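The residues making up each chain are set out below.
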2 protein chains.
Amino acid sequence: MTKQNQRRVTLRDVANEAGLSVMTVSYAFNNPDRVSEESLQRVLNASKVLGYAGKNPWATSLRTGKSNSLGVVFGEHLTYAFSDPQASEFLAGVASICVERHLGLTFIPTEGTPGDASRVSEAAVDGYVFWTTVMDDPTLGAAVRTGRPCAIQGGPEYDGIVRVRADDRAAARAMSTTSLKGTSHPVIVSFSLDHTRTPSQGYGLDITEAKLPVTQDRLQGFREGLEAAGFNWSDVYVIALSRNLRTEAKTTFDLLLKEAQIPVDAVLCMSDELAVGVLETASENGRVVPNSLSVSGWDDGPAAAAEGLTTLRQSLYEQGRTCGQIAAGLTADQPQASWSVIERQSTRR
Amino acid sequence: MTKQNQRRVTLRDVANEAGLSVMTVSYAFNNPDRVSEESLQRVLNASKVLGYAGKNPWATSLRTGKSNSLGVVFGEHLTYAFSDPQASEFLAGVASICVERHLGLTFIPTEGTPGDASRVSEAAVDGYVFWTTVMDDPTLGAAVRTGRPCAIQGGPEYDGIVRVRADDRAAARAMSTTSLKGTSHPVIVSFSLDHTRTPSQGYGLDITEAKLPVTQDRLQGFREGLEAAGFNWSDVYVIALSRNLRTEAKTTFDLLLKEAQIPVDAVLCMSDELAVGVLETASENGRVVPNSLSVSGWDDGPAAAAEGLTTLRQSLYEQGRTCGQIAAGLTADQPQASWSVIERQSTRR
DNA sequence: AGCGTGCTGTGTAACGGTACAGATCGAGCG
DNA sequence: CGCTCGATCTGTACCGTTACACAGCACGCT
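As a convention, each chain's residues are numbered from 1 in the sequence order in which they are written. For naming, the first written chain is A and the first written ligand is 1, with later ones following in the order written. pLDDT decides what is reported in this predicted model: residues at 70 or higher carry local features, side-chain atom pairs at 80 or more are listed and counted, and totals for whole chains, interfaces and linings draw on all residues regardless. The side-chain quantities take in all heavy atoms of the structure and omit both hydrogens and water.

*Asks:* Which residues make up the overall build of chain A, and what values go with them?
*Replies:* A helix here means a DSSP run of H or I that spans at least four residues, while a strand means a run of E at least two residues long, and both kinds are numbered starting from the N terminus. Within chain A, the secondary structure is distributed over 13 helices and 12 strands. Radius of gyration here is computed from C-alpha atoms only, and the compact-globule reference equals 2.2 Å multiplied by the residue count raised to the power 0.38. What you see for chain A is a C-alpha radius of gyration of 26 Å, clearly larger than the 20 Å of a compact globule of 349 residues, by over 25%. Oriented by its inertia axes, the alpha-carbon framework of chain A measures out at about 85 × 35 × 35 Å. Across the 349 residues of chain A, 56% fall into the buried class. When contacts within chain A are restricted to residue pairs at least 6 apart in sequence, long-range pairs at least 24 apart make up 70% of them. Accessible surface, chain A: about 14,900 Å² in total, of which carbon and sulfur atoms supply 48%. Partly exposed describes any residue whose relative accessible area lies between the buried limit of under 20% and the exposed limit of over 50%, with all areas from a 1.4 Å probe on protein chains only and scaled to the type maximum. Contacts are assigned to residue pairs with any non-hydrogen atoms lying within 4.5 Å of each other. All accessible areas in this document rest on Shrake-Rupley with a 1.4 Å probe, and a residue is counted as covered only by the protein chains that are shown.

Here it is as structure tokens:
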């Protein structure tokens, strides 16, 4: 063992070993051009001899006020970050910025309890990215109060946090028009996402009841599109699912068809994943898409193209990149993410 | 603005405002039972008045030597963490521990360059988890030298790092036996993973050439199983793919069938994802599975059950949990992860 | 009265780096 | 020869928190 006691080797130890001052050693590591070749070698040598494990990150951060890491506050259970396709795509975008700028990526687990606010404000990060956050989340304020840059995907709107999203309301308006083409007097189901619900609990969700701002915006857009086309919002069953899983959509839609016997003509889904589940259940129940049933998804992920799904294209990856850039302090613009309706075979022409 | 200048509010400021000592304020936050109800209220009140953003994480960590965060060193491009099904499942396991123990999860991006070693040793984490690491990765030594607990999935073996994995060699041995049941004089292709390769470059990989220890172990196991059954290792084409994508497997296998015209009888894949790609290409080329072609996967993920794939079951989620526990310092055991061959319709009985 | 005990509050010295201002010294130059 | 200048090196004061040891003080008990 080269280590004296149990104490970790510090810059000072290296300086002593090398017969140089602490500052020279510090410069040798951070700004090698500023020291002579000979000193540099002596520092490197002394480090090796003592087994110097590198600069203490906390000391450096405390002094410089930076930690070279972005924080992600993930509104749902952290394991979903790696299983939900929407979240994954978004996070890949954030990660791409981290790779480019040599930043760490720190997930700050929260569970929606008030105590989590301090876990956010006391995270060693230089900026925050929020994902699927509910309206009254106390962590938003905690992040803003740190004075570090903050970005949020979707919403809610919050003073001091840059909001990155497509215009969900306009997009939903367009989607409802496309989706109901060639249909008269339809009965419509909207499969929405609202992770504050327990599974299959959300029958008949009212617009204002939705906890996620994105859900609110889209429902509002659906409503406007439908009413402009002469349909009634009261003919729409809004069903909120707690998880973005095709199995959730399948069991719920099956129940709707078999038990509730609702004569549904169109299903507007808020993710491709849910839409694929609806398609599967439809075919199991002998419904022909799009002639006897119109189905639309959201996001235009890989599954949408494979299944011929009409969907709303937006790039969550790009939105992730934008959020990453904002959190890294590279820009402070409030960007408008683009979107477009992609018409495929799951809706009538 | 309640803030005086630009300086961030500190504990000291709160103490002054509350008319108490710094330590009392510190106790009020960390150990409220130790202060009187009245002091507690005064501290809380002063914090609110001054807009105290919470304890400075770097100062706390510097003093206590802990940062309440686990580090993940991800051998591939960080965006794959959110798209590769194997990685995702493993990371979900790590994340579950972080949620349970109230720890952050920090990804430390590396690109395989020597400079990355310092990014690892200077990360503000309490322990390390390694994923898909090549044999001579310098970040391994950097992590060990910090003295913090380290865990690695798969390999390589490294002094001071707990290795979590199934016995890949024995598993591969069993799999090759199962997979070649009812076959005589077969020509075999093994689709392997080796992310240091550029796409489709790895024709005719030699066992010892494989950069990933897991790949080496499995190839070795395949070889032993085949030779024990009287087959020749020289009849096996080992093809290393750089990415765990079904599209990679599809184009490569298509090339093999059409251009190289190799009369392949069995394909042993090192992931379900690759195996599914092989199945798709096989059916496009009119090959009937399992009668004219045996296909096996690895991991028994959701796709394997859906496609009736014979595969090797292991739980990367559980291995992720184990790695997380080790990195969090909750245990130091060298565990043996379990595995079993799951026989389905893609191989002969 | 004297003493131990528990509760509450306080000063000070770290933790391990970096910013900053300045010291030293030999070379170059009029 | 005196002076400036650049290259190199150094001492010290922080950054903001917590560990630790100790100081009052009220209270109950002998």
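That shown, we press on.
*Asks:* Any chance you could break down the protein's contact with DNA strand D for me, citing the residues and the numbers?
*Replies:* Note on terminology: near, applied to a residue and a molecule or strand, indicates that one of the residue's heavy atoms is within 4 Å of it. Every one of the 26 residues lining DNA strand D counts as a neighbour, but Ser39(A), Leu11(B), Arg12(B), Ser26(B) and Arg63(B) are closest to it. Sugar and phosphate atoms constitute 55% of the interface atoms of DNA strand D, taking the interface as everything within 4 Å of the protein. Any pair of nitrogen or oxygen atoms within 3.5 Å is treated as a polar contact; in protein, a donor-acceptor pairing is required on top of that, and neighbouring residues in sequence qualify only through side-chain atoms on both sides. For DNA strand D, a base nitrogen lies 2.9 Å from a polar atom in the side chain of Arg34(A). Separating a base oxygen of DNA strand D from a side-chain N or O atom of Arg63(A) is a distance of 3.1 Å.

*Asks:* Explain the environment of Val22(A) residue by residue, including any values.
*Replies:* All names here are of chain A. Position of Val-22 relative to the elements: it lies in helix α2 (residues 22-30). Along the primary structure Val-22 and Arg-12 are separated by 10 residues, whereas in three dimensions their C-alpha atoms are 5.5 Å apart. For Val-22, the residues in contact, after removing those within four places along its chain, are Leu-11, Arg-12 and Ala-15.

*Asks:* Got a sec to walk through the relation of the copies chain A and chain B? Specific residues and values, please.
*Replies:* We place the copies in one frame by least squares, fitting the C-alpha atoms of every residue whose pLDDT is at least 70 in both. Each copy superposes on the other: chain A lies on chain B with an RMSD of 0.1 Å after a rotation of 180 degrees and an axial shift of 0.0 Å. Look at the turn and shift together and you get a two-fold axis relating the two. Taking C-alpha positions as reference, the residue of chain A nearest the rotation axis is Thr106(A), located at 2.0 Å. Interface overlap between copies: 100% of the residues of chain A at the interface are likewise at the interface in chain B, consistent with a symmetric, same-surface contact.

*Asks:* How would you explain the sheet that holds strand β5 (residues 162-164) of chain B if you had to name every residue and give the values?
*Replies:* Overall, mixed pairing links the 10 strands, which are arranged β5(A)-β4(A)-β3(A)-β1(A)-β2(A)-β2(B)-β1(B)-β3(B)-β4(B)-β5(B) in an open sheet. Each edge of the open sheet carries a strand with a single partner, namely β5 (162-164) of chain A together with β5 of chain B. Shown here is a sheet whose adjacent strand axes are inclined to one another by a mean of 25 degrees, direction ignored. Both strand β1 (residues 69-74) of chain A and strand β3 (residues 127-131) of chain A contribute to a ladder of five bridges, which runs parallel. Residue Leu70(A) lies in a different strand from β3(A), and its bridge partner there is Gly127(A). At least two bridges found by DSSP between two strands is the condition for calling them paired. Under this scheme, a helix contributes an axis fitted over its contacting stretch, all axes are lines through C-alpha atoms, and angles between N-to-C directions fall in the 0 to 180 degree range.

*Asks:* Before we move on, can you summarise helix α3 (residues 37-50) of chain B with the specific residues and values?
*Replies:* Residues and elements named next belong to chain B. In a helix, the anticipated span is given by 1.5 Å times the number of residues less one. For α3, spanning 14 residues, the distance from its first C-alpha to its last is 20 Å, which sits close to the expected 20 Å at 1.5 Å a residue. Those residues of α3 that sit buried are Ser-39, Leu-40, Val-43, Ala-46, Ser-47 and Leu-50. The buried residues of α3 occupy one face: seen down the axis, they fall within an arc of 130 degrees. Across from the buried face of α3, at angles greater than 90 degrees, the exposed residues are Glu-37, Glu-38 and Lys-48. The elements touched by buried residues of α3 are α1 (11-18) and α2 (22-30). Read the arc as the range of directions from the helix axis to the C-beta atoms.

*Asks:* Now, about the nonpolar core: what can you tell me, with residues and values included?
*Replies:* In this description, a nonpolar core means a group of buried Ala, Val, Leu, Ile, Met, Phe, Trp, Tyr and Cys residues linked to one another through side-chain atoms lying within 4.5 Å. Counting 53 residues, the largest nonpolar core has Phe82(A), Leu105(A), Phe107(A), Phe82(B), Leu105(B) and Phe107(B) as its most contacted members. With residues near it in sequence (within four places) discarded, Leu105(A) still touches Ser69(A), Leu70(A), Val72(A), Val94(A), Ala95(A), Cys98(A), Leu78(B), Phe82(B), Leu105(B), Thr106(B) and Phe107(B).

*Asks:* Provide a residue-level description of the pairing of strand β8 (residues 236-241) of chain B, including the pertinent values.
*Replies:* Residues and elements named next belong to chain B. For β8, a buried count of five out of six residues is recorded, marking the element as mostly surrounded by other parts of the structure. Here strand β6 (residues 188-193) runs beside β8; their pairing, made up of six bridges, is parallel. Counterpart to Val-189 in the pairing with β8 is Tyr-237.

*Asks:* Could you give me a rundown of the interface of chain A and chain B, with the residues and numbers involved?
*Replies:* Contacts between the two partners involve 46 residues from chain A, matched on the other side by 46 residues from chain B. As used here, buried area is the combined drop in accessible area, with a 1.4 Å probe, of two parts when they are placed together. Across the interface of chain A and chain B, roughly 3,700 Å² is buried in total on both sides, 65% from carbon and sulfur atoms. Broken down residue by residue, the surface that chain A buries against chain B is led by Trp58(A), Phe82(A) and Val99(A), which jointly contribute 22%. Where chain A packs against chain B, one counts 10 residue pairs in polar contact (both at pLDDT 80 or more). Elements with a contribution of two residues or more to the side of chain A that touches chain B: α4 (57-64), α5 (85-100), β2 (104-109) and α6 (116-121) of chain A. Three residue categories are used. Nonpolar comprises Ala, Val, Leu, Ile, Met, Phe, Trp, Tyr, Cys and Pro, charged comprises Asp, Glu, Lys and Arg, and polar comprises the others, including Gly. A per-class count over the side of chain A that touches chain B returns 21 nonpolar, 15 polar and 10 charged. Sheet analysis places β2(A) next to strand β2 (residues 104-109) of chain B, joined by three bridges and oriented antiparallel. Pairing of Leu105(A) across the sheet is with Phe107(B), part of β2(B).

*Asks:* Tell me about the pattern of salt bridges, residues and numbers included.
*Replies:* Here a salt bridge means any side-chain nitrogen of Lys or Arg lying within 4 Å of a carboxyl oxygen belonging to Asp or Glu. For the structure shown, the criterion picks out 38 salt bridges over all chains. Among the ionic pairs, Arg163(B) bridges to Glu157(B), the shortest N-O distance being 3.2 Å. Given a relative accessible area of 11%, Arg163(B) falls into the buried group. The class of Glu157(B) is exposed, set by a relative accessible area of 66%. Taking the shortest distance from any N to any O, the salt bridge between Glu280(B) and Arg246(B) comes out at 3.4 Å. Taken together, the positions of Glu280(B) in helix α11 (residues 272-284) and Arg246(B) in helix α10 (residues 246-260) put the pair 34 residues apart, joining distant regions of the chain. According to the relative accessible area criterion, Glu280(B) is partly exposed, its value standing at 27%. Judged by relative accessible area, Arg246(B) falls into the partly exposed class, the value being 29%. Among the charged side chains, a salt-bridge network with shared partners connects Arg246(A), Lys250(A), Glu273(A), Glu280(A) and Glu284(A).

*Asks:* Quick rundown of the protein's contact with DNA strand C? Include the residues and the values.
*Replies:* DNA strand C sits among 27 residues. The nearest are Ser26(A), Arg63(A), Met23(B), Arg34(B) and Ser39(B). Of what DNA strand C places within 4 Å of the protein, 54% of the atoms are sugar or phosphate. Contact between DNA strand C and Tyr52(A): a phosphate oxygen at 3.1 Å from a side-chain N or O atom of the residue. In this structure, a phosphate oxygen belonging to DNA strand C sits 2.5 Å away from a side-chain N or O atom of Ser39(B). Elements represented by at least two residues in the surface near DNA strand C include exactly α1 (11-18), α2 and α4 of chain A together with α2 and α4 (57-64) of chain B. Looking at the surface near DNA strand C, the element that brings in the most residues is α4(A), giving five residues.

*Asks:* So, the packing of aromatic side chains: which residues are in play, and what are the values?
*Replies:* Working definition: a ring pair exists when centres of Phe, Tyr or Trp rings (six-membered ring for Trp) sit within 6.5 Å. Plane angles under 30 degrees give stacked, over 60 give edge-to-face, the rest tilted. This model, assessed by the stated rule, comprises 16 aromatic pairs over all chains. For the pair Phe191(B) and Phe253(B), a centre-to-centre distance of 6.2 Å together with 80 degrees between the ring planes defines the contact as edge-to-face. Here Phe191(B), found in strand β6, pairs with Phe253(B), found in helix α10; they are 62 residues apart in sequence, far enough to count as distant. In this structure Phe191(B) comes out as buried when scored by relative accessible area, which is 0%. Accessibility expressed as a relative area gives 0% for Phe253(B), which makes it buried. Each residue in the set Phe82(A), Phe107(A), Phe82(B) and Phe107(B) is aromatic and connected to the rest through ring pairs, giving one cluster. The lysine or arginine in question, Arg243(A), covers the ring of Tyr80(A), its NZ or CZ lying 3.5 Å from the ring centre. Lysine and arginine charges are scored as sitting over a ring when NZ or CZ, respectively, is within 6 Å of the ring centre and within 35 degrees of the ring normal.

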